[in-house]
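Chain by chain, the residues run as shown.
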Amino acid sequence: MIATEPLLSVRNLRKFFPVYSKGFFQRRVGYVKAVDDVSFDLMPGETLGLVGESGCGKTTTGRTILRALGPTGGNIMFRANGETVDLATIPGRHLKALRPKMQMIFQDPFSSLNPRMTIGQIVGEPLVIHKMAKGRELKKRVVEMLIKVGLKPEHAVRYPHAFSGGQRQRAGIARSLIMHPSLIIADEAVSALDVSVQAQIINLMEDLQKEFRLTYIFIAHDLSVVKHICDRVAVMYAGKIVELAETGTLFKDPKHPYTKALLSAVPSPDPDVKMIFELTGEVADPGNLPPGCAFNPRCPYVRDRCRQEMPSLREIEPGRWVNCHFDEELES
Amino acid sequence: MPETSENVLEVKNLKTYFFTDDGDELRAVDGVTFSVKRSGILAVVGESGCGKSVTAYSVLRLIQKPGKIVDGQILLRTTDGKIIDIAELDEKSDELFHVRGGLVSMIFQEPMTALSPVHSIGNQICEAILLHQDVDKSQAEKIAIGILEKVGIPGAAGRMKQYPHEFSGGMRQRVVIAMALACKPQLLIADEPTTALDVTLQAQVLRIIKDLQAELGTSVLFITHDLAVVAQMADEVAVMYLGRIVEHSDVRSVLKNPRHPYTRALLKSLPGMSEGSERLPSIEGSVPSLMEIPDGCPFHPRCPHAESGLCDVGGPPSLQKIADGHYVACVRVEEIKAL
């Protein structure tokens, strides 16, 4: 990727949800720290994977970046139309002009398409909302987009129920791409699909990325999909990035104990490669985190320092970030 | 498939159809034959709509209107040598009641919906034990605590009084497994037991099922869409497509030397199998609806080796033996062997 300036720079992003007490006075009794101090850069044309178990904050991170949720703190520097804006602080009324540049692909192609609208209306709606096309021009662009994602022009007049899961996901992709965005956040975009269809959609997303020079944040829990599609991967645990590295490096030589455990849990389709998985316990509750490193109750290498002091994300080699006190000593 | 006395379950030519108001019949399961060996794990794998879950539900006679088992035998061979044809049992008979939860039990996909939210965990497990075993309440509680400990629930005795909402997703699935195994069933049917779980929890739950299976000698019919889970769990695999078994053999043969074009394509389309970011070989199109099952081989419209005049005419091909214990339903299986 030859680009000097990142398309997106996220710095110290935080999203806390307040927790209120029961009863009449509903005092605020604490926070669920869904996203806590997340920072990364995203180059144009790159695909960054966000992975982790449910509740780790990967979806909240994606939504906060798009300002579907207001951040509690931090900066989201986004390059659009030749200038850099901070999505975290920009007033809501200026957001609409930026929306065409950043779009989302959702997980469930069954609930993300309005059943009362035709595929043509669904795909064309963003253009109507942003008054970017109407009449014959609108129709033309919808048809072009449908063809690009592998649907047929005559599909425009049909309703979502007439389509299979894979075709619906194609329609969802067409809707996100019709305004030529630069950033796409794909939240579990292929998780609900069957294996044979999943491969088609992954290929489609890769083709479209090349054609439109798209930048993806690919949120997924399926590590084999992430390994295939992403250039870099950020592993999240309890609202924090615990490791960030190039995909090949991360899968070959994970540094953080959590990444190691997560990778070892992925079953291999080769019956002779047996799964060796030792991690016990469950994901930390982001509303009630242990002191020190959030992973310490499950970590097989835990030491006293881990229970007292919270580690921070450090760059141990160029482009390689780890959030652990003892990553160097864990080599063996 | 040879008939041996070591089979716990033998399903022969099972046909489960669904009848629509318009008079159509949907052949969800259309002539399926397989057997589960005693203390063995048979995985039935396929994409959505292939009939794998309907097969599992049929074995326990959980098919409701408008569905119906229209043909076939479901033979359960108990340890005392009795053979019960579950397909023949009366809907309300004591025998079917004894089979369900006693001889055969089931783990469902969604642990939240499989448990009653208004009864404590202890109550729910004890209920199953009291129904099927000749024990009193305190003995049942002891058995329940024992099995909860076996599935790895810490402080089992204290958690008996808790309700499902007080358990996390992974713990709930353990409770469901405990409940299913409490009566020491001869056959356990697991319908996508880890699909709703994170990969780390999946690893834990698979381990528990495998360990308990080995310890108790339970036979397992494992339903899943995930070939990697199959590789880790199963002894034997049956691959289903549109209501029929297209390939059946031991796990190593199916995954390492697949012979049916569908199995081959399914394995190739798994991401992460190859290094680098080359294009994934995908299967054209999607699984057709049961309303429009293609003539001839149901897979031919998506098959790279389909030959017109051969694969698209007549009825669906039947399973043929291509090696010891390896069955494939493809008329071109020998011609495409090297491809």
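The present account deals with the structure reproduced in this document. (Residues numbered from 1 in each chain as written. Chains lettered and ligands numbered in written order. Predicted model: local features only at pLDDT ≥ 70, side-chain atom pairs only at ≥ 80, totals over all residues. Heavy atoms only, no water.)

### Let's talk about the overall build of chain B
Link 1 in the chain: Within chain B, the secondary structure is distributed over eleven helices and twelve strands.
Link 2 in the chain: For chain B, the C-alpha radius of gyration of 21 Å lies close to 20 Å, the compact-globule estimate for 339 residues.
Link 3 in the chain: Taking the principal axes of its C-alpha atoms as reference, chain B extends roughly 70 × 50 × 40 Å.
Link 4 in the chain: Counting over 339 residues, chain B shows a buried share of 54%.
Link 5 in the chain: A sequence separation of at least 24 residues applies to 64% of the contacts in chain B between residues at least 6 apart.
Link 6 in the chain: Positive and negative side-chain charges of chain B, numbering 34 and 44 respectively, have mean locations separated by a distance of 4 Å. (Helix = DSSP H or I, 4+ residues; strand = E, 2+ residues; numbered from the N terminus. Rg over C-alpha atoms; globule rule 2.2 N^0.38 Å. Buried < 20%, exposed > 50% of the residue type's maximum accessible area, 1.4 Å probe, protein only. Contact = heavy atoms within 4.5 Å. Lys, Arg positive; Asp, Glu negative; His and termini not counted. Charge placed at Lys NZ, Arg CZ, Asp CG, Glu CD.)

### Examining the packing of aromatic side chains
Link 1 in the chain: Evaluated as defined, the whole model comprises eight aromatic pairs over all chains.
Link 2 in the chain: Taking 5.2 Å as the distance between ring centres and 70° as the angle between the ring planes, the aromatic pair formed by Tyr258(A) and Phe295(A) counts as edge-to-face. In this pair, Tyr258(A) is assigned in helix 9 (residues 257–264) and Phe295(A) in the loop between helix 9 and helix 10 (304–308), connecting sequence segments 37 residues apart. Across the pair, Phe295(A) and Tyr258(A) agree in class, each one buried.
Link 3 in the chain: Ring geometry for Tyr57(B) versus Phe108(B): centroids 6.1 Å apart, planes at 65°, classification edge-to-face. Residue Tyr57(B) is found in helix 1 (residues 52–59), and its partner Phe108(B) is found in the loop between strand 6 (104–107) and helix 3 (111–114); the two are separated by 51 residues along the sequence.
Link 4 in the chain: Of the residues examined, Phe108(B) reaches a relative accessible area of 28% and is grouped as partly exposed.
Link 5 in the chain: Put simply, the rings of Tyr237(A), Tyr258(A) and Phe295(A) pair up and form one aromatic cluster.
Link 6 in the chain: Residue placement shows Arg305(A) over the ring face of Phe326(A); its charged tip is 5.8 Å from the ring centre.
Link 7 in the chain: The ring of Phe167(B) carries the charged tip of Arg159(B) above its face, separated from the ring centre by 4.2 Å. (Phe/Tyr/Trp six-rings, centres within 6.5 Å; stacked < 30°, edge-to-face > 60°. Lys NZ or Arg CZ within 6 Å of the ring centre and 35° of its normal.)

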